[in-house]
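Breakdown of the fold
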Amino acid sequence: MAEPCGDAAVPSGPPLSAHVAALLEAGVASRGRGYRGRFAPSPTGALHRGNLRTALLGWLEARLQGGEWLLRIDDLDAPRNRPGAEDALLADLAWLGLLWDGPPLRQSRRRGLYATVLSALRRGGALYPCRCSRRMLADISAPHGPLNVYPGFCRQGSRPWGPQQGRLPSWRLWLPPGRIVWRERFSRPGCLDGPAEVGDTVLRRADGVIAYHLATAVDELALGISDVLRGEDLWSSTGPQVAVMASLGWTPPVYGHVPLWRDGGGQRLSKREGSEGLEGYRARGLDGPAVIGELASSLALVPPGSRLSAVELLQTLQLGDLERCVRSPGAGGRAF
């Protein structure tokens, strides 16, 4: 396991309503009762094979740990959601035998919880309004490359919360000095300097939409997620999410960021690049056991050409096998 670079103090958190405080406390307490993971796709298109492989790894780990594997649909950003995408991803996971525990959870139905937490953070002085637009920040950063950390233009001054020129502000988390740390299993050590490497994260956009980092952080706590297993591309998202958890007075789950599956040219697989998902597999004549075999063989869990169900694969493995395959130099997979 990658070791963090130090400890960070966890503040006491804002005064939450009794109901929300009890919900978060019960969720965090449930971590002590065993492993609880989750798979959290967005319904913006078909699951590509990198998504499917991460789902398989998460499902296998949860089952080997004797724990639970939840399915959460991250559908807060409604304009990006595609009609039928949620039904398709549910069907794809079921077709592969990657069955989740309990009903699917949808972030769009949890907006009230996120809004309550957001209001508590605002009342506690942890947020400030920001009038900087994306275009403004892009124009400022253009000569020097993209701004990775918000420079804090709106931290000072009167900071009115109401509309100005017909536009509401976004709400940013006021990040105190210090390190943001988390337990990281596979990737770089979980440690970032808060002001220099993370910055004041937007928790509510100017259009009123709850931001991804707030919703994700609240869900990891409220749902009692003990371990987050996801792609290496989301490592940088961990800092803002852990910062939100710290602002609420709670420690984060354990994180495992797994290597991305890459093609023969070393490029990561993504929806944007039209990477192959189950539709492509089926077009090549592969059924469920053949797809599971191909996903597993990309991590050297089984020989190439293997055909087996997810349950049959599970029966061949021990927990240490997953650690070994993820840490191996070839974990990025091979070309097809």
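About the thresholds
- Within any chain, residue numbers begin from 1 and follow the written order of that chain's sequence.
- Confidence filtering applies because this is a predicted model: local features only for residues at pLDDT of at least 70, side-chain atom pairs given and counted only at 80 or more, and all residues used for totals across whole chains, interfaces and linings.
- Note: side-chain values were computed over all heavy atoms of the structure, leaving out hydrogens and water.
- Aromatic pairing here means that ring centres of Phe, Tyr or Trp (its six-membered ring) are within 6.5 Å. Orientation follows from the plane angle: under 30 degrees is stacked, over 60 is edge-to-face, and everything else is tilted.
- Helix numbers and strand numbers start at the N terminus; a helix is a DSSP run of H or I with at least 4 residues, a strand a run of E with at least 2.
- Type-normalised accessible area, obtained with a 1.4 Å probe on protein chains alone, sets the label of each residue: buried when under 20%, exposed when over 50%, and partly exposed for intermediate values.
- Here the rule is simple: two strands pair whenever DSSP picks up at least two bridges between them.
- Note on contacts: a residue pair is in contact if any heavy atoms of the two residues lie within 4.5 Å.
- Here an angle of 0 to 180 degrees is reported between the N-to-C directions of two axes, which are lines fitted to C-alpha atoms, with helices fitted over the stretch in contact.
- A 3.5 Å cut-off defines polar contacts: any pair of N or O atoms within that distance qualifies, except that in protein one atom must be a possible hydrogen donor and the other a possible acceptor, and neighbouring residues in sequence count only when both atoms are side-chain atoms.
- Counted as salt bridges are all cases of a side-chain nitrogen of Lys or Arg within 4 Å of a carboxyl oxygen of Asp or Glu.
- Buried Ala, Val, Leu, Ile, Met, Phe, Trp, Tyr and Cys residues form a nonpolar core when they are joined through side-chain atoms within 4.5 Å.
- Crossovers are marked right-handed if the path from the first strand over the helix to the second runs clockwise, as seen with the strands pointing away from the viewer.
- Any angle that is under 35 degrees is reported as roughly parallel, and any over 145 degrees as roughly antiparallel; angles of 65 to 115 degrees are reported as roughly perpendicular and all others as oblique.
- For any helix crossing, the convention is left-handed if the near helix is rotated counterclockwise from the far helix by under a right angle, and right-handed if that rotation is clockwise.
- In this classification, the charged set is Asp, Glu, Lys and Arg, the nonpolar set is Ala, Val, Leu, Ile, Met, Phe, Trp, Tyr, Cys and Pro, and all remaining amino acids, among them Gly, are polar.

1. Side note on the packing of aromatic side chains
- Summed over the entire model, instances satisfying the criterion amount to 6 aromatic pairs.
- Look at Phe39 and Trp69: their rings are 6.0 Å apart centre to centre, the planes differ by 15 degrees, and that puts the pair in the stacked class. Note that Phe39 is positioned in strand S1 (residues 36-39) and Trp69 in strand S2 (residues 68-73), a separation of 30 residues in sequence. The same class applies to Phe39 as to Trp69, namely buried.

2. What about the sheet that holds S1?
- With parallel pairing, 3 strands are arranged side by side in an open sheet as S1-S2-S3. Strand pairing shows two members of the sheet lacking a second neighbour, S1 and strand S3 (105-106), which therefore form its edges.
- Of the pairings in the sheet, the one linking S1 to S2 comprises 4 bridges and is parallel in character. By the bridge assignment for S2, Phe39 is matched with Leu71.
- Sheet strands in contact with helix H3 (residues 85-95) are S1, S2 and S3, and its direction is about 160 degrees off that of S2.

3. Examining unusual backbone geometry
- Despite not being glycine, Gln165 has its phi angle at roughly 55 degrees, a positive value.
- The residue Gln165 is located in the loop between helix H5 (134-141) and strand S5 (170-173) in this model.
- Here the phi dihedral of Ala300 falls at roughly 60 degrees; this positive angle occurs in a residue that is not glycine.
- For Ala300, the position within the fold is in the loop between helix H10 (288-297) and helix H11 (310-315).
- Given the relative accessible area of 51%, Ala300 is considered exposed.

4. What about the side chain of His257?
- Along the chain, His257 falls in strand S10 (residues 254-258).
- Given the relative accessible area of 1%, His257 is considered buried.
- Here the side chain of His257 touches Arg230 through a polar contact of 3.0 Å, side chain to side chain.
- A distance of 3.2 Å separates a polar atom in the side chain of His257 from a polar atom in the side chain of Thr238.

5. Structural notes on the pattern of salt bridges
- Enumeration over the complete set of coordinates arrives at 18 salt bridges.
- Measuring nitrogen to oxygen at the nearest pair gives 2.6 Å for the salt bridge that ties Arg307 to Asp287. Residue Arg307 is found in the loop between H10 and H11, and its partner Asp287 is found in the loop between helix H9 (278-283) and H10; the two are separated by 20 residues along the sequence.
- The exposure class assigned to Asp287 is partly exposed, which follows from its relative accessible area of 30%.

6. Some thoughts on the nonpolar core
- Leu57, Leu60, Leu98, Tyr281, Leu301 and Leu313 are the most contacted members of the largest nonpolar core, which has 41 residues in total.
- Residue assignment for this core shows that the elements contributing at least two residues are helix H2 (49-64), S2, H3, H9, H10, H11 and helix H12 (319-327).
- When residues in this core are grouped by element, the largest group, 7 residues, is from H2.
- Listed in part, the 39 residues of the second largest apolar core include Ala120, Leu192, Trp235 and Val244.

7. A closer look at the pairing of strand S9 (residues 227-231)
- With respect to burial, S9 is a largely interior element, 5 of its 5 residues being buried.
- When S9 meets S10, the two strands line up parallel, connected through 5 bridges. Note that in S10 the partner of Leu229 across the bridge is Gly256.
- Viewed along the sheet, the connection from S9 through helix H8 (residues 235-247) into S10 turns out right-handed.

8. Section: the packing of H2 against H12
- In the contact formed by H2 and H12, the axes pass within 9 Å of each other and the chain directions differ by 150 degrees. As judged from the angle between their axes, H2 and H12 are roughly antiparallel. The chirality of how H2 crosses H12 is left-handed. Across the interface between the two elements, Leu57, Leu60, Glu61 and Leu64 of H2 pack against Leu319, Leu322, Cys325 and Val326 of H12.
- Per-class residue counts for the contact of H2 with H12 are 7 nonpolar, no polar and 1 charged.

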